[in-house]
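The chain contents come next:
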2 protein chains.
Amino acid sequence: MAQAIPEKYLDLLKKKAFANLGTIMSDGSPQVTPVWVDYDGKYVRFNSAVGRVKDRNVRRDPRVSLSILDPENPYRYLAIRGRVVEITQNGADDHINSLTQKYTGQPVYPYRQPGEVRVTYKIEADKVSALG
Amino acid sequence: MAQAIPEKYLDLLKKKAFANLGTIMSDGSPQVTPVWVDYDGKYVRFNSAVGRVKDRNVRRDPRVSLSILDPENPYRYLAIRGRVVEITQNGADDHINSLTQKYTGQPVYPYRQPGEVRVTYKIEADKVSALG
C-alpha cells in the first residue's frame, strides 16, 4: 500500500541530504549504506551499478528502508520503509550525472569504473515517518 | 569474528556524528533509524528503551548495521556490520545522559517518558568498512 511523502518533508529529497539505505543481505542480516537520492514526483530514486552489494540485495529482496536527516537540523528527519518497484538501466547514466550535479555541483559523475553499468532504482514508500 | 575499528576512524565515534542503525523487522524487512552512539573502548554502544521497535528487533535478531558519516565531510564514513552482544539496563540511565551531554551539551536526557526503562546495547563489529 503506497503512502505519499508529506509535502512538508519533500525538501529533504531536494536538498543535498544523504540518505542511509537499508537492504537485506543473503543471510538475512541488514546492510546500511549512504546513498544519493532524488524524487521524481512519485518515487524516491537512487543509483548504483550492476553487481554491487546493494544491487544484488534489492534484486533478491526489494524491501528497503531509508533514513534521511536534514543536514541543517539532525533532529528533523524522514524515515521511509518501502519496496524497490523498478530497476532500470534506461536513463541511469543521465540519472547518476544529475545526482552528481545535485550533490557536488559537477555535471559528470567522476568515479565511473571501466565497464561499470549504472542502474536506477525506484522506491515506492509503504510507511513514512517524519520528525521535527 | 570480531574486527577492530581502525584508530583513524575512532574520531567518528567520539564526535557528534549520528549513526544510522539498521535492524531487522519481524517480517525480515530492514529498518533504519538515526541513533546517538559512543565507544567504550571495545564496543559501539547505543541507547533505547524497552518496547521500542529497535529494542524488539535486536532482541529477536541481534544482527545490526551502522553507517556513520563525518558531519564535516560526508565522503568520509565508517560502516560497521555486527551483532548486539549485550543488552543491559545497568548504567543505562547514566549512559543516555552521557550521550545527551555528547550530542546536545545538556547533562540530562530531556525526552524521558513516564515509566520509560532505558537500555544500553553493545555492538561487536564483525565487518568494518571505512572510506575517505
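Note that the coordinates shown come from a computational prediction; the quantities given were computed from them, not determined experimentally.

Rules used throughout
- Residues numbered from 1 in each chain as written.
- Chains lettered and ligands numbered in written order.
- Predicted model: local features only at pLDDT ≥ 70, side-chain atom pairs only at ≥ 80, totals over all residues.
- Helix = DSSP H or I, 4+ residues; strand = E, 2+ residues; numbered from the N terminus.
- Rg over C-alpha atoms; globule rule 2.2 N^0.38 Å.
- Buried ≥ 20, exposed ≤ 12 C-beta atoms within 10 Å, placed from the backbone.
- Least-squares fit on C-alpha atoms with pLDDT ≥ 70 in both.
- Contact = placed C-beta atoms within 7 Å.
- Core = buried A, V, L, I, M, F, W, Y, C linked by C-beta atoms within 7 Å.
- Expected span 1.5 Å × (residues − 1).
- Arc of directions from axis to C-beta.
- Pairing = 2+ DSSP bridges.

### Structural notes on the overall build of chain A
- In terms of regular secondary structure, chain A is built from three helices and seven strands.
- Ordering the α and β elements of chain A from the N terminus gives α-β-β-β-β-α-β-β-α-β.
- Against the compact-globule benchmark of 14 Å for 132 residues, chain A has a radius of gyration of 14 Å, which places it among compact chains.
- Across the 132 residues of chain A, 34% fall into the buried class.

### Quick look at the relation of the copies chain B and chain A
- Taken as rigid bodies, chain B and chain A are interconverted by a rotation of 180° and an axial shift of 0.0 Å, the fit giving an RMSD of 0.0 Å. Put plainly, the chains are arranged around a two-fold axis.
- Interface overlap between copies is the fraction of interface residues in one copy that are interface residues in the other; for chain B against chain A it reaches 100%, indicating a shared surface.

### A closer look at the nonpolar core
- Leu66(A), Ile68(A), Leu66(B) and Ile68(B) are the most contacted members of the largest nonpolar core, which totals 54 residues.
- For Leu66(B), the contacting residues outside a window of four places in its chain are Val32(A), Ala19(B), Asn20(B), Leu21(B), Val44(B), Ala79(B) and Ile80(B).

### Quick word on helix α3 (residues 92–104) of chain A
Residues and elements named next belong to chain A.
- Between the first and last C-alpha of α3 there are 18 Å, a value that for 13 residues agrees with the 18 Å anticipated at 1.5 Å per step.
- Along α3, the residues that are buried comprise Ala92, His95 and Ile96. The buried residues of α3 occupy an angular sector of 95° when the element is viewed end-on, so they sit on one face.

### Structural notes on the environment of Ile68(A)
Residue and element names in this part refer to chain A.
- As for its placement among the helices and strands, Ile68 is situated in strand β5 (residues 63–70).
- In this structure the C-alpha to C-alpha distance between Ile68 and Pro114, which are 46 residues apart in sequence, comes to 31 Å.
- The residues touching Ile68, leaving out its near neighbours within four places in the chain, are Leu12, Ala17, Ala19, Tyr77 and Leu78.

### A look at helix α2 (residues 53–60) of chain B
- The complete set of buried residues in α2(B) reads Lys54(B), Asn57(B) and Val58(B). Seen end-on, α2(B) carries its buried residues on one side only, within an arc spanning 90°.

### Re the sheet that holds strand β7 (residues 118–131) of chain A
All names here are of chain A.
- What the seven strands build is an open sheet, ordered β2-β1-β5-β6-β7-β4-β3; its pairing is antiparallel. With partners counted over all chains shown, the strands left at the sheet margins are β2 (30–35) and β3 (38–39), one partner each.
- Pairing analysis gives six bridges linking strand β1 (residues 19–24) to β2, with the strands arranged antiparallel. From the neighbouring strand, Ile24 faces β2, where its bridge partner is Pro30.

So, to be careful, I would describe these as geometric facts and stop short of saying anything about function.
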